[in-house]
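# Per-entry structural report
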Amino acid sequence: MTDLINAAPKVLNVDQLPTREGKEDRIEQSGYLPGLLSLSVFNVPFTEKSSPGSTPALSDSSLQSDDEEFESVDALEIYDLISSISDPEHPLTLGQLAVVNLEDIQLDDSGNPNEIAEVIIKITPTITHCSLATLIGLGIRVRLERCLPPRYRIIIKVKEKTHQSENQVNKQLNDKERVSAACENDQLLKVISQMLSSCK
Amino acid sequence: MDLQLSQWVSQFMASENDPPCEEIAKAVIEKRISLLQLIKTLGSHLTDETPHIRSTAVGCLSNTLAKIERLNRADIEVIAKFYIGKLDDNDVMSNTLVGLRALTSLKNFNPALLESVLTSVQEKYEPASFLAATRYQSFLLLETIYQKHLDFILANLNDLFVKVFIHISTNEKDPRNLLISFSLNKQISSTLQVENFAEDLFDNAFCYFPVSFKPPPNSPYSIASHDLKTGLRQVFAATPLFAKDLFPNILEKLTSTSPAVKLDVLQTLNLCLDTYDNDTIQEYWLTLYNALKFEVLYNDLANIVELADIEKLSTEDDLVFKEVIALFKNLPKKFTDEQIIKNLQIMLEELKEYLHISHKYFKQTVLLLSVMATSKLSVYNHIVGEVLPVLLTDEPSTVVDEKNLATALNFFINPDYPESKLSQYKDDILVVLSKGLMSSSNVETTLKCICIRSLVNLSFILDTQEVASVISNLSELLLSTMKNEKDPIFQETLNAFTNISATMPNVVLETTLPLLLSKLPNESSSEIDLELVRNVLNVVVNISHSKLLLDSIIVRLLSVYERLLNGRVVTMDYYYFLLNSIYLLLSNYPELLSKDYADRVIPQITSLTIVNYRLSKESPVYLNERILDQCGKIIRLIICKLELIHHQKILDDAVDTFLLGSDSPLFSTSLGLEISLVSKPPTLVSLFNKFLSAVSKDCPLKIEPLDVLSSLVEITRDSKHFESLFERMGFLELICLLANKYISDSDLEKILNELSETIDLQSSDSLGTLEVMAWITKSLVLSNSPLAMKYQEYFFSLLEIPSVASVSPKLLEVLIAEVSELEVNKRDKKIINLNVRLLYKQKFYNIMLPKIIEGYRNCEQASKETYLLLLSLILNHVHQREIILSHLENILPLILQIIQSDNAKSRNSGLEILNLTIESNCMLIKPHLHSIISRLLAITKDNSDLNGQINALLCLKEIGISKIPLSQLQPFRTTIINQTVAVLSHKKRKVRKLAADVRQIYYELEQS
């Protein structure tokens, strides 16, 4: 790429981007006790009849209740999926460039697996005449179609007043025919696959 | 003798071999032959028509001379004349030069001859007509003359010598010759009088600058470009006489676009700056400054927040910058005090226009000045006095300006000068930085980080009160940012505390610690915010960088523990975090631990815990054994760090307390508690185990260990004796510990035999006994005892006995399972707490795995499950993958069976090993791809087994990125992508994410 469309974009610090990565297992359990207790040949009978005194039940039950809980898809999860996509012209991610922002992701999901859910993502091009906005949008769409269950409808828009030809871009981004035509273009797919290669 | 000589001569004249100069020289030294005889014998050869023969003959003479230390003066003179005459003969030049060199280095060589030697070389030797090797000899000759006769040359032949050097070194191209030429030039320029020749000598060297030489791959001399560069650089630095030519010429090269050239220029300048005298530098400093300032001004300094950051730069461009900075650091060192004022005035006059916060060269200018200020105190004071008033009157209007101002101020904070003009401005600086720290929002990370760093740097001139207020501000910041550990502001503040806690522990103790601890929920809090507890304790653990802090933090955390216990707080995780923090503190700062921790902390913890345990059946400790376990870990850690001499006392006290039921110093006060593990088992055995496992095995038990073991075995055999599983496991551990440390193999064998006689495999009552046997065998396995094999076999034989088939794999698992009490103390090699051999695991696997594979093949269908279960159980304990790598191929068929199993636990251990197999040797699974992938996909759909789903997805991921040929994977691509769609709606986020990753990999399969 010889001429960069925007040579000096504003860059955010990766560590400050919202993310859920790595926060999952923050409260670590002491692994020792269940491990030791499982060595006992009496382990099974002991847990089955409610044992006298204390016994391992405590930590186990807390784990179990945790397991049952349904972690619904939320905006942060979607953000985590797309913020690590690389920008086509900078060696930076869309999150770093603030092309995608957590507050610009809207999710309409009843949680019912039989109902259709909707994700609306508004992207902010780094400059108002960014001709790559459509490519970025396409990249996000491909990523989400791969990573979200099929019941999600994905709508990608350019954020209001951030692009000169907002309507055109919006139209192009959500036109099924054009999207699927684009996905059959090998050249384009290659670029997109490069963009997605940085996804974590 | 003559005959011998002529034999030698004809011998080598005929052959290509080296002449036997060694022997000839020896003969000459021993006066068996005279030099004259040699020349006579060589006679006709010396004047032979064939150049080759002439050259060899001269060579013979020269090499002989080189082996001789002294000759009489007359001989020397004759031979010298002979060689001078030979200089006309180009064909023998190389050997002539060798001869001359040999001659000039003889002990009684008369320096008066040098004039004619040098003159003849100058007149008759034309370097251009000879090969590099010959030219090399000419340099060697000159070098020898220089080294041997420097005084004479200085007095008599100064000009002639320099001229000869210029003559022979002009137009030299060979790297080896250049190296010696540079070294000679350096020596000449720095010792001889070269005023008249400075320009020629300089030109002779400068024409090679910059060195772009790359050694050819087959170079015999192994000369690196670096050697030439350094050699050349030293020439330039040899005398200030070069300055007038060097500076204009070399600065011109600075315009080069190649960073390598720039770096070379700068390094040369730096060297010259070091060696040239003050007057020369004073003459040229302005030229230098004018040329170099742009290297700083035009640089983008985005990543530099303090001067120390410059040291961290490492790319090629950055190295150039680093060198410029080094130059500016050195430059003012050459100024005298009067010059400083004058010179700096000129600079400041010029830079003044940039010294406004919003100017685009502001930061660069400040950096330049602050770097020069580091050179010496007088310069520092002058610059600070001139610049800071300007900076501090500027009013920043934007955040960027504020950032620049804070950075600028930080540049000038230099703890190397504790007494300087800076203190006059400290109040103003403090205001600016504190404002940046407190008022701006947390979004402005960089500004805050700079302010934090600057404030910490500034602390060396602040008084106690000011420091206290800074630290209190920083503490507030810690509290407000600790929610996100990755937040750069939090990180920066924590870093700041690393520094502060080490230098000013008192202030941290008075300011930060109370603030932090006050945030911890107390015993009467109705709801405990565990996230808050975790964050606060995390900070506490990370700021204790001094003994004073560590001591008082531990005291305070223990008092929190006491309050919680007394308040009967039942949030177990709170205890866990608290005790874990104490543990982390102690293990993070092992160098701060000392004997008094054993005297103070251990009794406190044991008393608190035991008293609470005995209080009632509702007490927190009684309700949760994790508290006991954590306390034990802390105790174990402290003992492990103790000197050997204290171990015996600790062990005796523990035995008093736990086995004999008497009072001991382990309690802070006498409580009249009678504990006796042997007669009535309470859960406290876990605590005693930590004591026993930590102390050195050389400390004897004060009561007969065999008796203790026997009674323990009696108690433990019957599972009805125990209130909880935890307690029973504690006893088994204790049995293993005692057996391992104190009981001989023969005694153990006796016990084991007695036990095995009582076993009735058909009755479930024997289970307890079997388990006790397993734990005793474990102690044998750990110590690699030859006896271990026998009982290993015994347990193995149980696998096919239906009544115990369900438990026997577990019994074998016990043998290899890692238990924290049975870990070797790592403090130092001298204190050995347990008999644990290094490779015991390896040995176990090497014996067991083939047996399992064989047993599986030969057994009845009904027992196959048992073997698979055993394999999956023991594979759970492979913690160093090397142990298992060599067995992967053989156990793979069994692994493939295990993952078909419906038992989630064994399936998971199978999946883990499968993952390891794919990662380390993916080709093994290639023939089974179809069955593996379809099984993995099936497991991903089993919502009842979360870990199985995760492991299966990990395996699929590993397959996708493995080296299995694309053509083999391609057929599965669509299936995998389609079948993982369902997992995308999994209730767990972690699983969904993994599924997304797997799909991404397979989508990209064709792109790669």
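Residues numbered from 1 in each chain as written. Chains lettered and ligands numbered in written order. Predicted model: local features only at pLDDT ≥ 70, side-chain atom pairs only at ≥ 80, totals over all residues. Heavy atoms only, no water.

### Describing the overall build of chain A
Formally: In this text, helices come from DSSP runs of H or I with a minimum length of four residues, and strands from runs of E with a minimum of two, each type numbered from the N-terminal end. In this scheme, a residue with accessible area under 20% of its type's maximum is buried, one over 50% is exposed, and one in between is partly exposed, where area comes from a 1.4 Å probe on protein chains only. Contact criterion: two residues are considered in contact whenever any of their non-hydrogen atoms come within 4.5 Å of each other. Only the protein chains shown count as cover for residues, and all accessible areas are computed by the Shrake-Rupley method using a 1.4 Å probe.
Across its full length, chain A carries eight helices and three strands. Counting all 200 residues of chain A, 48% fall into the buried class. The contacts of chain A with a sequence gap of at least 6 include a subset with a gap of at least 24, amounting to 68%. When the accessible surface of chain A is summed, it comes to about 10600 Å², and 50% of that surface belongs to carbon and sulfur atoms.

### Digging into the overall build of chain B
For clarity, the cut-off: Only C-alpha atoms enter the radius of gyration; for comparison, a globular chain is expected to reach 2.2 Å times N to the power 0.38, where N is the number of residues.
Each helix and strand in chain B was counted, giving 48 helices and zero strands. For 1008 residues, the compact-globule estimate of 2.2 N^0.38 gives 30 Å, and chain B exceeds it by more than 25% at 42 Å. Expressed as lengths along the three principal axes of its C-alpha atoms, the size of chain B is roughly 115 × 90 × 70 Å. For chain B, the proportion of its 1008 residues judged to be buried stands at 57%.

### A closer look at the UniProt feature "domain: MMS19 N-terminal" (unreviewed entry) in chain B
Convention followed: UniProt positions are given in the numbering used here, feature names are shortened, and annotations may be inferred rather than shown by experiment.
According to UniProt, the positions carrying the feature "domain: MMS19 N-terminal" (unreviewed entry) are residues 39-297 of chain B. As a span, residues 39-297 of chain B carries 71% helix and 0% strand, and end to end its C-alpha atoms are 72 Å apart.

### Quick notes on the sheet that holds strand 2 (residues 117-123) of chain A
Residue and element names in this part refer to chain A. To be explicit about the condition: Note on pairing: DSSP must find at least two bridges between two strands before they are called paired. Lines fitted to C-alpha atoms define the axes here, with helix axes fitted over just the stretch in contact, and angles between the N-to-C directions of these axes take values from 0 to 180 degrees.
Here three strands make up an open sheet; going across it, the order is 1-2-3 and the pairing mixed. This sheet does not close on itself; its edge strands, each paired only once, are strand 1 (105-108) and strand 3 (152-158). Going from strand to strand, the sheet's axes swing by 15° on average, the running direction of each strand aside. In the sheet, strand 2 pairs with strand 3 via seven bridges, with the strands oriented parallel. Considered in strand 3, the bridge of Glu118 is made with Arg153. Lying over the sheet, helix 5 (residues 133-147) contacts strand 2 and strand 3, oriented at roughly 165° with respect to strand 3.

### What about the packing of helix 40 (residues 840-858) of chain B against helix 41 (residues 861-875) of chain B?
Residues and elements named next belong to chain B. Heads up, the condition is: Under this scheme an angle from 65 to 115 degrees is roughly perpendicular, one under 35 degrees roughly parallel, and one over 145 degrees roughly antiparallel; angles in between are oblique. Crossing handedness is defined as follows: a turn of the near helix away from the far one that is anticlockwise and smaller than a right angle gives a left-handed crossing, while the clockwise case is right-handed. Residues were grouped as follows: Ala, Val, Leu, Ile, Met, Phe, Trp, Tyr, Cys and Pro as nonpolar; Asp, Glu, Lys and Arg as charged; and all remaining residues, including Gly, as polar.
The contact between helix 40 and helix 41 brings their axes to 9 Å, and the two run at 160°. Taken together, helix 40 and helix 41 sit at an angle that is classed as roughly antiparallel. Here helix 40 and helix 41 pass one another in a crossing that is left-handed. Counting all contacts with helix 40, which are made through Phe844, Tyr845, Met848, Leu849, Ile852, Gly855, Tyr856 and Arg857, the residues of helix 41 involved are Lys864, Tyr867, Leu868, Leu870, Leu871 and Ile874. Each residue belonging to the contact of helix 40 with helix 41 can be placed in one class, and the counts come to eleven nonpolar, one polar and two charged.

### Overview of the nonpolar core
Applied cut-off: Residues grouped as a nonpolar core are buried Ala, Val, Leu, Ile, Met, Phe, Trp, Tyr and Cys residues, joined through side-chain atoms within 4.5 Å. Boundary definitions for the domains trace back to an automatic or database domain assignment.
Of all hydrophobic cores here, the largest spans 414 residues; its most connected members are Ile140 of chain A together with Leu391, Tyr561, Leu914 and Ile959 of chain B. The element contributing the most residues to this core is helix 8 (residues 132-169) of chain B, with 16 residues. Structurally, this core is a two-domain feature, drawing no fewer than three residues from each of domain 1 (32-68) and domain 2 (71-196) of chain A. Sequence-distant contacts of Tyr561 of chain B, defined by excluding residues within four places in its chain, comprise Tyr575, Leu578, Leu579, Leu608, Thr609, Val621, Ile627 and Cys631 of chain B.

### Quick word on the environment of Lys107 of chain B
Looking at the element boundaries, Lys107 of chain B is found in the loop between helix 6 (93-104) and helix 7 (114-124). Not counting chain neighbours up to four residues away, the residues in contact with Lys107 of chain B comprise Glu69 and Arg70 of chain B.

### Thoughts on the packing of aromatic side chains
All names here are of chain B. As a reminder, the rule being used: A pair of aromatic rings is counted whenever rings of Phe, Tyr or Trp (Trp by its six-membered ring) have centres within 6.5 Å, and the orientation is called stacked for planes under 30 degrees apart, edge-to-face for over 60 and tilted otherwise. Charge over a ring is defined by NZ of Lys or CZ of Arg lying within 6 Å of the ring centre and within 35 degrees of the ring normal.
Evaluation of the coordinates by the stated rule reveals 26 aromatic pairs over all chains. Here the aromatic rings of Phe247 and Tyr276 are separated by 6.1 Å at their centres, their planes lie at 70°, and the arrangement is edge-to-face. Of the two residues, Phe247 sits in helix 12 (residues 243-253) while Tyr276 sits in the loop between helix 13 (259-275) and helix 14 (278-297), which places them 29 residues apart along the sequence. With respect to burial, Phe247 and Tyr276 carry one shared label: buried. Where Phe247 meets Tyr284, the ring centres are 5.1 Å apart and the plane angle is 50°; that geometry is what we call tilted. Here Tyr284 lies in helix 14 and Phe247 lies in helix 12, a separation of 37 residues in the sequence. Across the pair, Tyr284 and Phe247 agree in class, each one buried. These aromatic residues form a ring-pair network of at least three members: Phe202, Phe206, Phe209, Phe236 and Phe242. In this structure, Arg176 is placed above the aromatic ring of Tyr136, and the distance from its NZ or CZ to the ring centre is 3.6 Å.

### Observations concerning the side chain of Arg151 of chain A
All names here are of chain A. Condition: Each polar contact in these results corresponds to two N or O atoms within 3.5 Å; when the atoms are within protein, one needs to be able to donate a hydrogen and the other to accept it, and residues that are neighboring in sequence are counted only if both atoms are side-chain atoms.
Of note, Arg151 is situated in the loop between helix 5 and strand 3. In this structure the side chain of Arg151 is engaged in a polar contact, spanning 3.2 Å, whose partner is the side chain of Asp109. Setting aside residues no more than four positions away along its own chain, Arg151 makes contact with Asp109, Gly111, Asn112, Pro113, Glu115, Ile116 and Ala117.

### Some remarks on unusual backbone geometry
Among all residues save glycine, negative phi is the norm, and among peptide bonds the norm is trans. Phe209 of chain B connects to Pro210 of chain B through a cis peptide bond whose omega is -10°. Mapped onto the elements of the fold, Pro210 of chain B is located in the loop between helix 10 (198-206) and helix 11 (225-236). Positive phi, normally seen in glycine, also occurs at Ala98 of chain A, with a value near 60°. The residue Ala98 of chain A is located in the loop between helix 4 (75-83) and strand 1 in this model. Exposure remark for Ala98 of chain A: the relative accessible area of 22% places this residue in the partly exposed category.

### Regarding the pattern of salt bridges
Cut-off, in case you're wondering: Think of a salt bridge as a Lys or Arg side-chain nitrogen and an Asp or Glu carboxyl oxygen that are within 4 Å of each other.
The final tally for this structure, using the stated rule, is 38 salt bridges over all chains. The closest approach of N and O atoms between Lys159 of chain A and Asp104 of chain A, which form a salt bridge, is 3.3 Å. Highlighted residues: Lys159 of chain A in the loop between strand 3 and helix 6 (166-174) and Asp104 of chain A in the loop between helix 4 and strand 1, separated in sequence by 55 residues. For Asp104 of chain A, a relative accessible area of 9% translates into the label buried. For Glu818 of chain B, the salt bridge is made with Lys841 of chain B, and the minimal N-O distance between the two is 2.8 Å. Taken together, the positions of Glu818 of chain B in the loop between helix 39 (808-816) and helix 40 and Lys841 of chain B in helix 40 put the pair 23 residues apart, joining distant regions of the chain. Within the structure, one salt-bridge network assembled from shared partners comprises Asp74 and Glu77 of chain A together with Arg989 and Arg992 of chain B.

### Here's the deal with helix 3 (residues 35-46) of chain B
All names here are of chain B. Defined as follows: To estimate how far a helix should reach, multiply one less than its number of residues by 1.5 Å. What the arc measures is the spread of directions leading from the helix axis to the C-beta atoms.
Between its first and last C-alpha atoms helix 3 spans 14 Å; for twelve residues at 1.5 Å apiece the expected length is 16 Å, and the helix comes up short by more than 12%. Within helix 3, burial applies to Leu35, Leu38, Leu42 and Leu46. End-on, the buried residues of helix 3 take up no more than an arc of 70°, which puts them together on one face. The exposed residues of helix 3 that point more than 90 degrees off its buried face are Leu36, Lys40 and Ser44.

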